[in-house]
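A closer look at the structure
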Amino acid sequence: MVQTRFKIGNVTVRLIQGDITEQDVDVIVNAANSYLKHGGGVALAIVRKGGEIIQKESDEWVKRNGPVPEGEVAVTTAGKLKAKYVVHAVGPKFGDPEGDVKLRNAIRNSILKAEELGQSSIALPAISTGIYGYPYERCAQIMADIVKELSPSLNNLKEIRVVLWGQEAFETFRRIFHEKL
Ligand code: ADP
C-alpha cells in the first residue's frame, strides 16, 4: 500500500493512495452535493458499497432539514461499510469566489463532527477535486492547514486519514503535507 505518515501531538495523519470505501475507520467523509444525491464520484462508490440505506437516510435528512449548505455537513449511518458513520460534506465548485472558505469549512466541520461523535478515526477524500473541479494542490493546502490547526485540540480523534484516488493526487498531497506539516 502506498502511504505516508505524520504525527501532530497525539494525532496520526496518514495519506493513503486507495479507495475510501475500503478504509477501516470510524467515520468516512463523503464529497456530497447539497441535495445529498449520491449519483457520481466518491458518493456513488460509498452508496454502492455501503448500500441504499445511506441514500435513504440522506433523503430523509434533506426532507427534514432542507439542502445542506456548502461548507456544512450531514451525518448518516454507514450501512455495510466498515465505518460507523458517513459524514456528508458539501464542498464548493471551483471558481466560486467564496470557494476556499467553504472548502475549509467543509473539511473543518467534518473533522469536528467526528470528534463530537466521540470517534477515534476518520478518512477524508480530496473534497471538491473531482466533479467540482478544484486543483489537488489547492485542496491539499487547505486540508494541511486545517489538520495542523485542529489536531492539538482533538481529544477523541487519534487518526486522520486522507485517501487519494490515483497517483497524481497522492503525490501532490504528499508534497504539500511535507511542506506544511
Ligand atoms: P466533488 O464533487 O466534491 O469534486 P468527487 O466525488 O467528484 O467529488 O471527487 C472527489 C475526489 O474523490 C476526487 O479526487 C476523486 O478522484 C476522488 N474519488 C473518487 N472515487 C474515490 C474513492 N472510491 N476513494 C477515494 N477517492 C475517490
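Remember, it's a predicted structure, so these values are computed and weren't measured experimentally.

Here's the deal with the packing of aromatic side chains
How two aromatic rings sit relative to each other is given by the distance of their centres and the angle of their planes. Tallying each qualifying case throughout the model produces three aromatic pairs. Look at Phe6 and Phe177: their rings are 6.1 Å apart centre to centre, the planes differ by 45 degrees, and that puts the pair in the tilted class. Taken together, the residues Phe6 in strand β1 (residues 3–8) and Phe177 in helix α5 (residues 167–180) connect sequence positions 171 residues apart. With respect to class, Phe6 is no different from Phe177; both count as buried. Grouped by ring-pair contacts, the aromatic residues Phe6, Phe173 and Phe177 constitute a single cluster.

As for the nonpolar core
Membership of the largest hydrophobic core comes to 38 residues, with the highest contact counts inside it found for Ile107, Ile111, Ile122, Met143, Phe173 and Phe177. By residue number, the principal contributor to this core is helix α4 (residues 136–150), which donates eight residues.

Here we look at the pairing of strand β7 (residues 159–164)
Side-chain direction in a regular strand flips from residue to residue, so the side chains alternate between the two faces of the sheet. Most of β7 sits inside the fold, with six of its six residues counted as buried. Relative to β7, strand β2 (residues 11–17) is paired through six bridges, and the arrangement is parallel. Paired with Leu15 across the strands is Val162, a residue of β7. Relative to β7, strand β6 (residues 121–124) runs parallel, the two being bridged by four bridges. The partner of Ile122 across the bridge, within β7, is Ile160. On the question of chirality, the crossover connecting β6 to the parallel β7 by way of α4 is right-handed.

So, the site of the ligand
Taken together, the neighbourhood of the ligand is formed by 15 residues, with Val42, Ser128, Thr129, Gly130 and Ile131 sitting nearest. Take Asp19: an N or O atom from its side chain is 2.9 Å from a nitrogen atom of the ligand. The contact in question runs from an oxygen atom of the ligand to an N or O atom on the backbone of Val42, over 2.8 Å. The protein chains hide 91% of the 560 Å² of surface that the ligand would expose on its own. Placement of the ligand is best described as lying within the largest pocket. For the shell around the ligand, the element with the most residues is helix α1 (residues 41–50), which contributes three residues. Looking at the shell around the ligand residue by residue, the classes come out as nine nonpolar, five polar and one charged.

Scoring rules and cut-offs
Residues numbered from 1 in each chain as written. Predicted model: local features only at pLDDT ≥ 70, side-chain atom pairs only at ≥ 80, totals over all residues. Heavy atoms only, no water. Phe/Tyr/Trp six-rings, centres within 6.5 Å; stacked < 30°, edge-to-face > 60°. Helix = DSSP H or I, 4+ residues; strand = E, 2+ residues; numbered from the N terminus. Buried < 20%, exposed > 50% of the residue type's maximum accessible area, 1.4 Å probe, protein only. Core = buried A, V, L, I, M, F, W, Y, C linked by side-chain atoms within 4.5 Å. Pairing = 2+ DSSP bridges. Right-handed = clockwise from strand over helix to strand, strands pointing away. Near = heavy atom within 4 Å. Polar contact = N/O pair within 3.5 Å; in protein donor to acceptor, adjacent residues only side chain to side chain. Areas by Shrake-Rupley, 256 points an atom, 1.4 Å probe, with all protein chains shown as cover. 1 Å grid on protein atoms, 1.4 Å probe; cavity = no way out; pocket = protein on both sides within 12 Å on 5 of 7 lines; lining within 4 Å. Sits in = over half its atoms within 2 Å of the grid points. Nonpolar A, V, L, I, M, F, W, Y, C, P; charged D, E, K, R; others polar.

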